[in-house]
Amino acid sequence: MLHHAVMQIRDFGIEIWMNRWETTCRYNLAETCVESITVDALLGLAGMDPDDFLAELLPMRLTYGAIVGTDRLRSAIAALYETATPDDVLVTHGAIGANHLAYLALIEPGDVVVSIVPTYQQHTSIPESLGAEVRLLRLREERGWLPDLDELRSLAAGAKVIALVNPNNPTGSLLGEAGLREIASIAEHEGAWIVADEVYRGTDQDGAGTSPSLVDLYERTVGIGSMSKAFSLAGLRLGWVTAAREVLDAVSRHRDYSVISVGMVDDLLASIALEARDALLGRNRAIVRENLASLDAWVTAEPRISYVKPQSGTTALLRYESDLPSESLCLRLLETEGVLFTPGSALDAEGYLRIGYANNATTLRDGLARTSAFLATLATGRPGTTAGSRT
Ligand SMILES: Cc1ncc(COP(=O)(O)O)c(C=O)c1O
């Protein structure tokens, strides 16, 4: 008898949506990376002569390289934290690989995970697929998309893991040091780990742009980082985990089965980028701040859209006034104007659209203008008549 192995994991809503549409749309307002940088521009920011870079690259023999990541790279990653050393870091295939390995290392069937949602879906679906009981702490717009800590305290009873994304995707909210310390004390009371996905760290709207990492505030943090978002280098497919020895050893055991090592060229470019992090984050801070100013002006002027203005990250949740379900609205907008947003339905946030505003400034402005034209056509319909035309 043929035996069908069924993988008990949900469809990854956002990745399915992005894979389907991101290469064919005209105005991509769904992308969450800060506008990706060329190798040429990166070397320029790093003050590196391209010939010197080639002198490093050309003699490189393309072996598996340093299995856990080069010392140079792990030192540059450790320098992003106050308390991490290079030995506390394992390099992975993107943060997507890091998150996956973190849950494989931490979760056994029956464990309780509290996940703060909406979130990047790995933080609910992977633990669920590993047999965890996943409890959802829902962020609410009226609280500025920040968690209710009393609710967290009661949900966290008996939890092994609390999972959060900070700065937050999709809402753009930011937990500062005081809020993180409170969450840490709730976790500590339970002896729980915190999986802190901090891939947007370094994109704050205010101050120097980088606020504290939970890694430096709570020992049982499993810190997740990436070159993709704040560092605008998704093409490297390079992320990392930093955690206490016992978790890192377990991550390493799983990593041997699915990673071996990351690419040597990626490791080199990530090292160069992180060694030039002040310049690179400076470029990216200017992009997120200027683009959010454009978005904010648009939201203010657009009668059918409202939002909580982001404090950090590259995304915002836009509330829209229409009876259309978010996916229908996004598909119509895509068909008529070529503008791509992410429907809230792909993020368990129906009634909202997610915008990624940190990409090309002209695309953002033009895409928003077309969105206004589209919303104006919706407005001419009588209230309620649009709801029947689901696609
Ligand atoms: C919160 C969060 N974590 C992880 C990832 C995956 O990033 P990477 O490109 O490093 O794999 C994303 C990508 O959208 C994300 O938003």
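Right above here is the structure, for reference.
The structure reproduced in this document is the subject of the present report. (Residues numbered from 1 in each chain as written. Predicted model: local features only at pLDDT ≥ 70, side-chain atom pairs only at ≥ 80, totals over all residues. Heavy atoms only, no water.)

With that settled, the discussion passes to the overall build of the protein. What the protein contains, in helices and strands, is 13 helices and 13 strands. For the protein, the C-alpha radius of gyration of 21 Å lies close to 21 Å, the compact-globule estimate for 391 residues. Along the longest, intermediate and shortest principal axes, the C-alpha atoms of the protein span 60 × 55 × 55 Å. The proportion of buried residues among the 391 residues of the protein is 53%. Considering only residue pairs separated by 6 or more positions, the protein has 73% of its internal contacts joining residues 24 or more positions apart. (Helix = DSSP H or I, 4+ residues; strand = E, 2+ residues; numbered from the N terminus. Rg over C-alpha atoms; globule rule 2.2 N^0.38 Å. Buried < 20%, exposed > 50% of the residue type's maximum accessible area, 1.4 Å probe, protein only. Contact = heavy atoms within 4.5 Å.)

Looking now at the side chain of Gln 205. Take Gln 205: it is sitting in the loop between strand S6 (193–197) and strand S7 (221–226). At 3.2 Å, the side chain of Gln 205 forms a polar contact with the backbone oxygen of Val 288. Residue contacts for Gln 205: discarding those within four places in its chain leaves Val 288, Arg 289, Leu 292, Pro 310, Gln 311, Ser 312 and Tyr 357. (Polar contact = N/O pair within 3.5 Å; in protein donor to acceptor, adjacent residues only side chain to side chain.)

Turning to the packing of helix H4 (residues 71–78) against helix H10 (residues 264–275), a few remarks are in order. Here H4 crosses H10 at 35 degrees, and the two axes come no closer than 9 Å. Considering only the axes of H4 and H10, their crossing is left-handed. The residues of H10 that touch H4, namely those facing Arg 72, Leu 73, Ala 76 and Ile 77, are Asp 267, Leu 268, Ala 270, Ser 271, Ile 272, Leu 274 and Glu 275. Considered class by class, the residues forming the contact of H4 with H10 number seven nonpolar, one polar and three charged. (Axes fitted to C-alpha atoms, helices over the stretch in contact; angles between N-to-C directions. Left-handed = near helix turned anticlockwise from the far one by under 90°. Nonpolar A, V, L, I, M, F, W, Y, C, P; charged D, E, K, R; others polar.)

Looking now at the pattern of salt bridges. Inspection of every chain in the model, using the stated rule, returns 19 salt bridges. Taking the shortest distance from any N to any O, the salt bridge between Glu 275 and Arg 72 comes out at 2.8 Å. Of the two residues, Glu 275 sits in helix H10 while Arg 72 sits in helix H4, which places them 203 residues apart along the sequence. The exposure class of Glu 275 is partly exposed, given its relative accessible area of 49%. Between Arg 153 and Asp 150 there is a salt bridge, and its shortest N-O distance comes to 2.9 Å. On the criterion of helical spacing, the pair formed by Arg 153 and Asp 150 is a turn pair, its members being three residues apart in helix H7 (residues 149–155). Taking relative accessible area as the criterion, Arg 153 reaches 42% and is therefore assigned partly exposed. Classification of Asp 150 by relative accessible area gives exposed; the value is 54%. The structure contains a network of salt bridges with shared partners spanning Arg 140, Glu 142, Arg 143, Asp 148 and Glu 151. (Salt bridge = Lys/Arg side-chain N within 4 Å of Asp/Glu carboxyl O.)

Right, let's talk about the packing of aromatic side chains for a bit. Taken as a whole and judged by the stated rule, the model has three aromatic pairs. Both rings, one in Trp 145 and one in Tyr 352, keep their centres 5.4 Å apart while their planes meet at 70 degrees; by these two values the pair is edge-to-face. Residue Trp 145 is located in the loop between strand S4 (133–138) and H7, and its partner Tyr 352 is located in strand S13 (residues 352–356); the two are separated by 207 residues in the primary sequence. The residues Trp 145 and Tyr 352 share a single accessibility class, namely buried. Here Arg 20 stacks its cationic end above the ring of Trp 21, 3.9 Å away from the centre of that ring. One cation-aromatic arrangement involves Arg 220 over Trp 193; the distance from NZ or CZ to the ring centre is 4.2 Å. (Phe/Tyr/Trp six-rings, centres within 6.5 Å; stacked < 30°, edge-to-face > 60°. Lys NZ or Arg CZ within 6 Å of the ring centre and 35° of its normal.)

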